[in-house]
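Each chain, letter by letter, is given below.
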Amino acid sequence: MKKLFIAFVLIAGFSFSSQAQEIADNALGLRLGDSDGFGAEISYQRALGGNNRLELDLGLRTGNDYDGFKLAGLYQWVWNIDGGFNWYAGAGGGLASYSYDNGRFNDENDTFVFAAGDIGIEYNFDIPLLISLDFRPEIGFGDYNNDDLDFDIALGLRYQF
């Protein structure tokens, strides 16, 4: 039984490593979605290893009742599906700040931290273009955003270099 377990672990490890695909050292572009009033974010990805990377996103937004920014950082694991298709998952958090100006919160500011997860699928073209679709649940911890759970779905377009 012990030999069978060791053989299974070796075969599973080999199959995961044989599907590994190198990811680009750097990718810069836009993440276009809509949650929390942030429709577009500048997105940067940096490879940390063969299949791990760090993603940093900065969103700036002005609305009728508020102005704000959101900075998110996520550590991601990337797995190859087939050819240029990959899927990825990650976790991280960030910092956000809103300035409200409406009847409910008149001239109030709120700066808060949030925790985030990330899961998505991407396609790596033969040209230096990466397109992705991801789902990012976020939970905020602040005065007005206390335990506020938001779901963000976004399309990413990034130039790889």
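Residues numbered from 1 in each chain as written. Predicted model: local features only at pLDDT ≥ 70, side-chain atom pairs only at ≥ 80, totals over all residues. Heavy atoms only, no water.

Colleague: It is not clear to me how the pattern of salt bridges should be interpreted in this structure. Could you clarify?
Modeller: In a structure, side chains of opposite charge can pair up when their charged atoms sit close to one another. Inspection of the entire model under this criterion finds ten salt bridges. With a shortest N-O distance of 3.3 Å, arginine 136 and glutamate 55 are connected by a salt bridge. Of this pair, arginine 136 sits in strand 7 (residues 129-141) while glutamate 55 sits in strand 3 (residues 52-62), placing them 81 residues apart in sequence. Looking at arginine 136, the relative accessible area reads 0%, which means it is buried. Arginine 136 serves as the salt-bridge partner of aspartate 57, at 2.8 Å between the closest nitrogen and oxygen. (Salt bridge = Lys/Arg side-chain N within 4 Å of Asp/Glu carboxyl O. Helix = DSSP H or I, 4+ residues; strand = E, 2+ residues; numbered from the N terminus. Buried < 20%, exposed > 50% of the residue type's maximum accessible area, 1.4 Å probe, protein only.)

Colleague: Looking at this model, I keep getting lost on the pairing of strand 5 (residues 85-100). Mind explaining?
Modeller: In this sheet, strand 5 lies alongside strand 4 (residues 66-82) in antiparallel orientation, the contact comprising 16 bridges. Bridged to glycine 68 within strand 5 is tyrosine 98. Between strand 4 and strand 5, which follow one another and run antiparallel, lie two residues, and glycine 83 among them has a positive phi close to 60°. In this sheet, strand 6 (residues 108-124) lies alongside strand 5 in antiparallel orientation, the contact comprising 16 bridges. Bridge pairing in strand 6 places tyrosine 98 opposite aspartate 110. (Pairing = 2+ DSSP bridges.)

Colleague: For this particular structure, what's the right way to read the environment of aspartate 110?
Modeller: Of note, aspartate 110 is situated in strand 6. C-alpha separation for the pair aspartate 110 and tyrosine 98, spaced twelve residues apart in sequence, amounts to 5.3 Å.

Colleague: Even after reading the chapter, I still don't get empty space enclosed by the protein, so can you show me in this structure?
Modeller: Applying the stated criterion across every chain yields a total of two cavities of 30 Å³ or more. By volume, the largest cavity is sized at about 80 Å³. Lining the largest cavity are 13 residues; nearest its centre among them are Ile23, Ala24, Gln45, Arg53 and Gln160. Residue assignment for the lining of the largest cavity shows that the elements contributing at least two residues are strand 1 (26-35), strand 2 (38-47) and strand 6. Here the lining of the largest cavity gets three residues from one element, more than from any other, and that element is strand 2. By residue class, the composition of the lining of the largest cavity is five nonpolar, five polar and three charged. (1 Å grid on protein atoms, 1.4 Å probe; cavity = no way out; pocket = protein on both sides within 12 Å on 5 of 7 lines; lining within 4 Å. Points joined across faces, edges and corners; volume = space filled by probe spheres on them. Nonpolar A, V, L, I, M, F, W, Y, C, P; charged D, E, K, R; others polar.)

Colleague: Which parts of the structure should I look at to understand the packing of aromatic side chains?
Modeller: Remark: the centre distance and the inter-plane angle together describe each pair of aromatic rings, the angle taken between the planes. Applying the stated criterion across every chain, the model contains seven aromatic pairs. A centroid spacing of 4.7 Å and a plane angle of 80° characterise the contact between tyrosine 123 and phenylalanine 125, whose relative ring orientation is edge-to-face. Exposure remark for tyrosine 123: the relative accessible area of 28% places this residue in the partly exposed category. Take phenylalanine 125: its relative accessible area is 34%, and that puts it in the partly exposed class. Taken together, the ring pairs in this structure connect Phe85, Tyr123 and Phe125 into an aromatic cluster. (Phe/Tyr/Trp six-rings, centres within 6.5 Å; stacked < 30°, edge-to-face > 60°.)

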